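Listed below, chain by chain, are the residues.
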Amino acid sequence: MARIVISGSGVYTPPLCISNKELVDSFNTYVHNFNAEHDADIAAGVCEPLQQSSVEFIEKASGIKSRYVIDRDGILDPERMCPSLPERGRDQSSIQCDMSVAAARQAMEQASKNAADIDAVIVSCSNMERPYPAIAVEVQEALGIEGFAFDMNIACSSATFAIQTAVDSIFRGNARAILVINPEICSAHLNFRDRDSHFIFGDVCTAVLLEREDCCSAANVFEVVGTKLSTTYSTNIYNGFGFLNRTMREKPEAAKLFRQEGRKVFKEVVPMATEFIRSHLAEHGIAPDDLRRVWLHQANLNMNQLICRKLLGREISEDLTPTILDTYANTASAGSIICYHKYHEDLKDQDLGIICSFGAGYSVGNVIVRRITVEKK
Ligand code: COA
């Protein structure tokens, strides 16, 4: 049976960016206005004053310095604090389709593949712009790919779960090559009025192309050595937005948005991800020290450093586990793939690496890869 490889990757980065200072200035203007408006109630003790946010806290607690977004003005307007996007009709392409096509084309170019070589598209991310028709089918059409396409969602682990799904499909002979695409518009589910989380997310789209080694046209690719997934139910990272909201007899909150118990998540997920990586490597006879690179989920810098220190029992370097969350923030499922895309070229033949995602669900997903050189026929 032919090996299955990642032969291409791509990242679409929105052209707009927001620094921590810009975000905090807007948030603090909102806080100032709210407190002034509720002055009398605050003085009477019937309303809690809102607390200001700070750049120092954000950078120390998370490592995030800025984020890319698909709209700046709506987010930074203290009267709105939400992206402002024009509605797109049925005759227009969806935003997630446009992002997906841009990232997918890069992955296809890197892999020297055209639409006729690909049999399936999986769009996998935390939030879909609409329930149906599937965004993946729209992307398939836009790229001119025949075969099948579907959407899936397992929040921050959507990319790794989709990679395993694609690998299984190729392994079973149901497709020669599959595009896995992660268009994350996290700014649209983020509550920019919530001090605990207003700084967390950014927008981006990633893509990887998986295929059978014997179909592969690129020389330097990554063999998928093994994949492993795990889930455990938790509501510590939660988004209650859904199609039943409008049916609820009690008036639902105006908007159901992301919320999390950040500290609990940190404490519970660090050991979970560390042990998951360790045990998966052991199943393949790989010691943590054999890893040339660890492309981790990008939610929190301190979290990633702790996972790697626990895994390796020593101080770790940026070279071993690169960071992209400083400029991209948390981009849900796309984070570890951005990291892979930007930091894989320097690996040598036979070097080993692991892509690991973790987050809502809870979910953890691993993809162990080895750099290989494909013989040209
Ligand atoms: N500015 C200033 N202070 C803030 C603040 C802000 N924006 N947000 C919270 N604070 C305050 C809190 O009120 C608290 O004050 P207190 O000590 O007086 O009660 C203090 O800072 C610490 O808050 P806490 O929420 O405990 O911070 P933290 O160190 O846990 O960092 C996260 C918060 C969210 C950055 C961190 O918990 C995290 O990243 N967790 C992992 C999340 C994760 O991986 N999620 C996956 C999602 S996909």
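Relevant structure appears above.
Residues numbered from 1 in each chain as written. Predicted model: local features only at pLDDT ≥ 70, side-chain atom pairs only at ≥ 80, totals over all residues. Heavy atoms only, no water.

Colleague: I keep staring at the packing of aromatic side chains and nothing clicks. Help me out?
Modeller: Where two aromatic rings form a pair, the distance of their centres and the angle of their planes describe that pair. Using the criterion set out here, one finds 9 aromatic pairs in the structure. Centre to centre, the rings of Trp295 and Tyr340 are 5.1 Å apart; their planes meet at 75 degrees, and the pair counts as edge-to-face. Note that Trp295 is positioned in strand E11 (residues 291-296) and Tyr340 in helix H11 (residues 335-342), a separation of 45 residues in sequence. Across the pair, Tyr340 and Trp295 agree in class, each one buried. Taken together, the ring pairs connect Phe27, Tyr30 and Phe34 into an aromatic cluster. A cation sits over an aromatic face here: Arg193 above Tyr30, 5.5 Å from the ring centre. (Phe/Tyr/Trp six-rings, centres within 6.5 Å; stacked < 30°, edge-to-face > 60°. Helix = DSSP H or I, 4+ residues; strand = E, 2+ residues; numbered from the N terminus. Buried < 20%, exposed > 50% of the residue type's maximum accessible area, 1.4 Å probe, protein only. Lys NZ or Arg CZ within 6 Å of the ring centre and 35° of its normal.)

Colleague: Sorry, what's going on with a negative patch on the surface here?
Modeller: Side chains of Glu37, Asp73, Asp77 and Glu79 sit close together on the surface and give a patch of like negative charge. Following the sequence through the fold, Asp73 ends up in helix H4 (residues 73-76). Residue classification places Asp73 among the exposed positions, given a relative accessible area of 62%. (Patch = residues over 30% accessible without salt bridge, like charges linked within 9 Å, V, L, I, M, F, W, Y side chains within 5 Å. Areas by Shrake-Rupley, 256 points an atom, 1.4 Å probe, with all protein chains shown as cover. Salt bridge = Lys/Arg side-chain N within 4 Å of Asp/Glu carboxyl O. Lys, Arg positive; Asp, Glu negative; His and termini not counted. Charge placed at Lys NZ, Arg CZ, Asp CG, Glu CD.)

Colleague: It is not clear to me how the nonpolar core should be interpreted in this structure. Could you clarify?
Modeller: One broad trend across soluble globular proteins is that nonpolar side chains are buried collectively. One finds Ile277, Leu296 and Phe358 to be the most contacted residues of the largest nonpolar core, which totals 51 residues. At 7 residues, the largest contribution of residues to this core is made by helix H8 (residues 262-283). (Core = buried A, V, L, I, M, F, W, Y, C linked by side-chain atoms within 4.5 Å.)

Colleague: Looking at this structure, I do not really get the site of the ligand. What am I missing?
Modeller: Near the ligand, the surroundings consist of 17 residues, among which Ser53, Cys156, Gln260, Arg263 and Asn300 are the closest. Within the side chain of Ser53, one N or O atom sits 2.9 Å away from a nitrogen atom of the ligand. Contacts to the ligand include Arg195, whose backbone N or O atom sits 3.0 Å from a nitrogen atom. Coverage of the ligand by the protein chains reaches 72% of its 970 Å² of free accessible surface. Elements with a minimum of two residues in the shell around the ligand: helix H3 (55-62) and H8. Considering every element that reaches the shell around the ligand, the biggest residue donor is H8, with 4 residues. Split into classes, the residues belonging to the shell around the ligand amount to 8 nonpolar, 6 polar and 3 charged. (Near = heavy atom within 4 Å. Polar contact = N/O pair within 3.5 Å; in protein donor to acceptor, adjacent residues only side chain to side chain. Nonpolar A, V, L, I, M, F, W, Y, C, P; charged D, E, K, R; others polar.)

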